[in-house]
Amino acid sequence: QVQLVESGGGSVQAGGSLRLSCVASGYTYSTACMGWFRQAPGKEREGVASIDRTGRITYADSLKGRFTISQDNTKTTLYLQMNNLKPEDTAMYYCGRNYVRVCTRSSADFDYWGQGTQVTVSS
């Protein structure tokens, strides 16, 4: 049974940092593409970043280098380091898994999701 568990969210003032973690189990982690997504109330889920088994990474252009995705295959854990947080970063953040050959940030390509962790950034 695939299980993804996010943690690390919370409330932070603008300019602060958070590091999100997603612990994966129930599948061979190293064979999958993993991604971080976020969804604010009333908005569609958007792809933040993705990373494949080789370490190839993509980011949403709007993040301007503030976010960094990484993974530890031994620990089967995905990370998202978020620096210089802004109020517009406020959202529920999810990690997801897919098995498509091309690692995307399209939510339609991801078949399993964690429960999400809330990030709230205040001014």
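For the structure itself, look to the data block above.
Nothing here was measured: the structure is a model prediction, and the numbers come from that model.

Let's shift gears to the state of the cysteines. Within this structure, the stated rule accounts for 2 disulfides. Disulfide pairing places C22 opposite C95 at an S-S distance of 1.9 Å. On the S-S bond that ties C22 to C95, the torsion sits near 50 degrees, and the link is right-handed. In this pair, C22 sits in strand 3 (residues 18–25) while C95 sits in strand 9 (residues 91–98), placing the two residues 73 residues apart along the sequence. The burial state of C22 is the same as that of C95; both residues are buried. The disulfide partner of C33 is C103, and the gap between their sulfur atoms is 1.7 Å.

Before going further, it helps to spend a moment on the pairing of strand 9. The element strand 9 is extensively covered by neighbouring structure, given that 7 of its 8 residues are classed as buried. By the bridge criterion, 7 bridges tie strand 4 (residues 33–39) to strand 9 in an arrangement that is antiparallel. Following the sheet pairing, F37 is matched in strand 9 by Y94. Where strand 9 and strand 11 (residues 117–122) come together, 3 bridges link them in antiparallel fashion. Residue pairing for strand 11: M92 is matched across the bridge by Q118. Note: strand 9 against strand 10 (residues 112–113), 2 bridges, orientation antiparallel. Within strand 10, the residue paired with G96 across the bridge is W113.

Right, let's get into the pattern of salt bridges. Overall, the coordinates contain 4 salt bridges when judged by the stated rule. One salt bridge connects E46 with R38, and the closest N-O pair in it is separated by 2.7 Å. Across the salt bridge formed by D89 and R38, the nearest N and O atoms sit 2.9 Å from each other. Linking D89 in the loop between strand 8 (77–82) and strand 9 with R38 in strand 4, this pair joins segments that are 51 residues apart in sequence. Via salt bridges that share partners, R38, E46, R66 and D89 belong to a single interconnected network.

Any empty space left between atoms is shown by rolling a water-sized probe over those atoms. Estimates place the volume of the largest pocket at around 170 Å³. Lining the largest pocket are T31, A32, C33, D52, R53, T54, N98, Y99, V100, R101, V102 and C103. Counted by class, the lining of the largest pocket contains 6 nonpolar, 3 polar and 3 charged residues.

Soluble globular proteins tend to pack their nonpolar side chains together in the buried interior. If you look at the biggest cluster of nonpolar residues, it comprises 29 residues, and the most contacted ones within it are W36, L78, L80, M82 and Y93. Counting residues per element, the ones that place at least two in this core are strand 3, strand 4, strand 5 (46–51), strand 7 (67–72), strand 8, strand 9 and strand 11. In terms of residue count, the dominant contributor to this core is strand 3 (4 residues).

Moving on, we get to the sheet that holds strand 3. Taken together, the 4 strands give an open sheet; going across it, the order is 1-3-8-7, and neighbouring strands pair in antiparallel fashion. The open sheet has two free edges, formed respectively by strand 1 (3–7) and strand 7, since each of these has just one partner strand. Pairwise comparison of adjacent strand axes, ignoring direction, gives a mean angle of 15 degrees for this sheet. Here strand 3 runs beside strand 8; their pairing, made up of 6 bridges, is antiparallel. Along strand 8, the bridge assignment pairs S21 with Y79.

The rules we used
Residues numbered from 1 in each chain as written. Predicted model: local features only at pLDDT ≥ 70, side-chain atom pairs only at ≥ 80, totals over all residues. Heavy atoms only, no water. Disulfide = S-S within 2.5 Å. Helix = DSSP H or I, 4+ residues; strand = E, 2+ residues; numbered from the N terminus. Buried < 20%, exposed > 50% of the residue type's maximum accessible area, 1.4 Å probe, protein only. Pairing = 2+ DSSP bridges. Salt bridge = Lys/Arg side-chain N within 4 Å of Asp/Glu carboxyl O. 1 Å grid on protein atoms, 1.4 Å probe; cavity = no way out; pocket = protein on both sides within 12 Å on 5 of 7 lines; lining within 4 Å. Points joined across faces, edges and corners; volume = space filled by probe spheres on them. Nonpolar A, V, L, I, M, F, W, Y, C, P; charged D, E, K, R; others polar. Core = buried A, V, L, I, M, F, W, Y, C linked by side-chain atoms within 4.5 Å. Axes fitted to C-alpha atoms, helices over the stretch in contact; angles between N-to-C directions.

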